[in-house]
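Chain by chain, the residues run as shown.
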Amino acid sequence: MTFTSPVLSPAAAPIFPAASMVAFRDVRKSFGAFEVLKGIDLDVGAGEVVALIGRSGSGKSTALRCVNGLEAINGGELTVCGRALHQGGTDLRELRKEVGIVFQSYNLFPHLTVEQNVTLAPRKVHRIGAAEARELAAEVLAQVGLSEKAQNYPEQLSGGQQQRVAIARSLAMRPKLMLFDEVTSALDPELTGEVLRTIEGLAASGMTMMLVTHEMAFAKSVADKIVFMHQGRIWETGDGGMLSSPQTAELQQFVGNGL
Amino acid sequence: MGYDFDFSFLASYAPDLWHGVWLTLGMTFVSIVPGFILGTSVALARLYGGRWLAGAATCYVEAIRNTPLIIQVFWLFFGLSVLQIYIGSFLAAVIALTINVGAYTAEIMRAGFQSIPKGQIEAADCLALGPVQTVVSIQLPQAVERVYPALVSQFVLMMLATSIMSQVSAEELTGVAYMIQSFTFRGFEVYLVIAVIYLAMATLLRLVLMGVAQVSFPRRRRLGTPL
């Protein structure tokens, strides 16, 4: 049995639009014999917010992790912030100065205070001084609403606060693109809300973002484009409206089960 | 029986005992820092060194952990002298202790490094930190804090193991004790007092190392929770 994606063939889409910050062209990725991504075509323009939705195992997290080089692609072309990741020899450290990522499990550094977590990379990588680091921490912590927690340690914070610190930590590197990998999946509904409001604020500020999420209402409200992935392919793409009028049986079933 | 316990004669040996105490403490403190640096480097070599470096590190660790310390120091002291290389007993002792404690420290630190969740290292990578920056700023401080009790035990064991160095004529505490005992034939009193002195030194060493922890782990000092 073969699956055919109902999405238009890539030839019909414009190749590398000028403002495209991320461009997937027939991207393939396998783990061993298992092909997780079976030819992904996707563009993310500057200032655009793209939500990746789909079942667990549909390849959405893998697609996201390819964008900052956490996973190397096995086929096709992937260009991120002007860097051709498929050509090899890409300096991933240079790429990651421009692409921030936030994980489901926060991954804060437990031995450092919130302020130290936020300023470690700018100090070590961008070589900013102590005074500038303090100002930077104050700025990004204010952005996520945690100014008063600067001197606390991660274990003293709730999950939602920890996740907002993780967002601030990424923002402190002044990224051009932010990736969010199921950042609310470990949180209860109340804490999810505070993290989502932070991300909404970021979207409103014009940040380019790709987010993998299971929060359908959030995807609908914040995303310019929603991408439904199924079995390693992009099955359906659209704006928020596509969730209420799915074109495919798979998306119908997915949103139906999700509600 | 009719043995009369008498500790008074020890007073006349006080300068010798004092000298022995200083030599024991000196060997210990001089060996701890290089031993820790060596062990940590070897642990990193085993974890990240690639096939050859990791292999060499494994050989070192296993060779040292599976041979007696006394043979190691004999080889340095008597073995090298056959090759016309003479190192004094203090230097032989310090080198042997450093190499010995380095091997045990390597295994302790390896456990510490491996206990750090992979997600943190991935996060550091994603923040554009380089491998050396990640080790220095993220992995090392947490690894040391997590295995600190084991490190303290190992360093105290090393201090007690300096007693072996009397065998290469280092006049550390055990060497001095043996000398006094051979002059006075009062082994019971001598070794009882020596044991108490070792106990006091081990307690002192633990206190010093706890002080180091207070300064080194500000999070723990403030919150009192394990990492």
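Residues numbered from 1 in each chain as written. Chains lettered and ligands numbered in written order. Predicted model: local features only at pLDDT ≥ 70, side-chain atom pairs only at ≥ 80, totals over all residues. Heavy atoms only, no water.

So, the side chain of A:Thr248: which residues are in play, and what are the values?
Residues and elements named next belong to chain A. The topology assignment puts Thr-248 in the loop between strand E10 (233-238) and helix H8 (249-258). At a separation of 2.8 Å, a polar atom in the side chain of Thr-248 contacts the side chain of Glu-236. Among the polar contacts listed, one links the side chain of Thr-248 to the backbone nitrogen of Leu-251, at a separation of 3.2 Å. (Helix = DSSP H or I, 4+ residues; strand = E, 2+ residues; numbered from the N terminus. Polar contact = N/O pair within 3.5 Å; in protein donor to acceptor, adjacent residues only side chain to side chain.)

Could you give an account of the state of the cysteines, with specific residues and numbers?
Summed over all chains, the structure comprises zero disulfides over all chains. Unpaired in terms of disulfides, A:Cys66 finds its nearest cysteine sulfur in B:Cys126, a separation of 12 Å. For A:Cys66, a relative accessible area of 1% puts it in the buried group. (Disulfide = S-S within 2.5 Å. Buried < 20%, exposed > 50% of the residue type's maximum accessible area, 1.4 Å probe, protein only.)

Please set out the sheet that holds strand E5 (residues 83-84) of chain A residue by residue, giving values where relevant.
All names here are of chain A. The sheet built from four strands is open, its strands ordered E2-E1-E4-E5 with antiparallel pairing. Each having just a single partner strand, strand E2 (34-45) and E5 make up the two edges of the open sheet. The sheet contact formed by strand E4 (residues 75-80) and E5 spans two bridges and is antiparallel. Residue pairing in the sheet places Val-80 in a bridge with Arg-83 of E5. The strands that helix H1 (residues 60-67) touches are strand E1 (20-31), E2 and E4; relative to E1, the one it contacts most, it runs at about 120°. (Pairing = 2+ DSSP bridges. Contact = heavy atoms within 4.5 Å. Axes fitted to C-alpha atoms, helices over the stretch in contact; angles between N-to-C directions.)

Pulling in residues and values, what's your account of the packing of aromatic side chains?
Under the counting rule described, the total for this entry stands at eight aromatic pairs over all chains. On the basis of an interplanar angle of 50° and a centroid distance of 5.0 Å, the ring pair of B:Phe5 and B:Phe188 is categorised as tilted. Of this pair, B:Phe5 sits in the segment before helix H1 (14-48) while B:Phe188 sits in helix H8 (residues 187-216), placing them 183 residues apart in sequence. Pair check on accessibility: B:Phe5 and B:Phe188 agree, each one exposed. Relative to B:Phe78, the ring of B:Phe77 has its centre 5.0 Å away and its plane inclined at 80°; by these criteria the two rings are edge-to-face. Judged by its relative accessible area of 18%, B:Phe77 is buried. With relative accessibility at 41%, the residue B:Phe78 sits in the partly exposed group. Through a chain of ring-to-ring contacts, the aromatic side chains of B:Tyr3, B:Phe5 and B:Phe188 assemble into a single cluster. Over the ring of A:Phe109 we find A:Arg169, and its NZ or CZ is 4.6 Å from the ring centre. Directly above the ring of B:Trp52 sits B:Arg51, whose terminal nitrogen or CZ lies 5.6 Å from the centroid. (Phe/Tyr/Trp six-rings, centres within 6.5 Å; stacked < 30°, edge-to-face > 60°. Lys NZ or Arg CZ within 6 Å of the ring centre and 35° of its normal.)

Tell me what's going on with the interface of chain B and chain A, and back it up with residues and numbers.
One widely used convention gives an interface's size as the accessible area the parts lose upon coming together. Of the residues lining the interface, 22 residues belong to chain B; the matching set on chain A comes to 27 residues. Contact with chain A buries surface across chain B, with B:Cys126, B:Leu127 and B:Ala128 losing the most and accounting together for 28% of the total. Between chain B and chain A we count two salt bridges in total. With a closest N to O distance of 2.9 Å, B:Glu122 and A:Arg65 form a salt bridge. The interface formed by chain B and chain A holds 11 residue pairs in polar contact (both at pLDDT 80 or more) in total. Elements represented by at least two residues in the side of chain B that touches chain A include exactly helix H5 (118-126), helix H6 (131-161) and helix H9 (218-223) of chain B. Looking at the side of chain B that touches chain A, the element that brings in the most residues is H5(B), giving seven residues. (Buried area = accessible area lost by both parts, 1.4 Å probe. Salt bridge = Lys/Arg side-chain N within 4 Å of Asp/Glu carboxyl O.)

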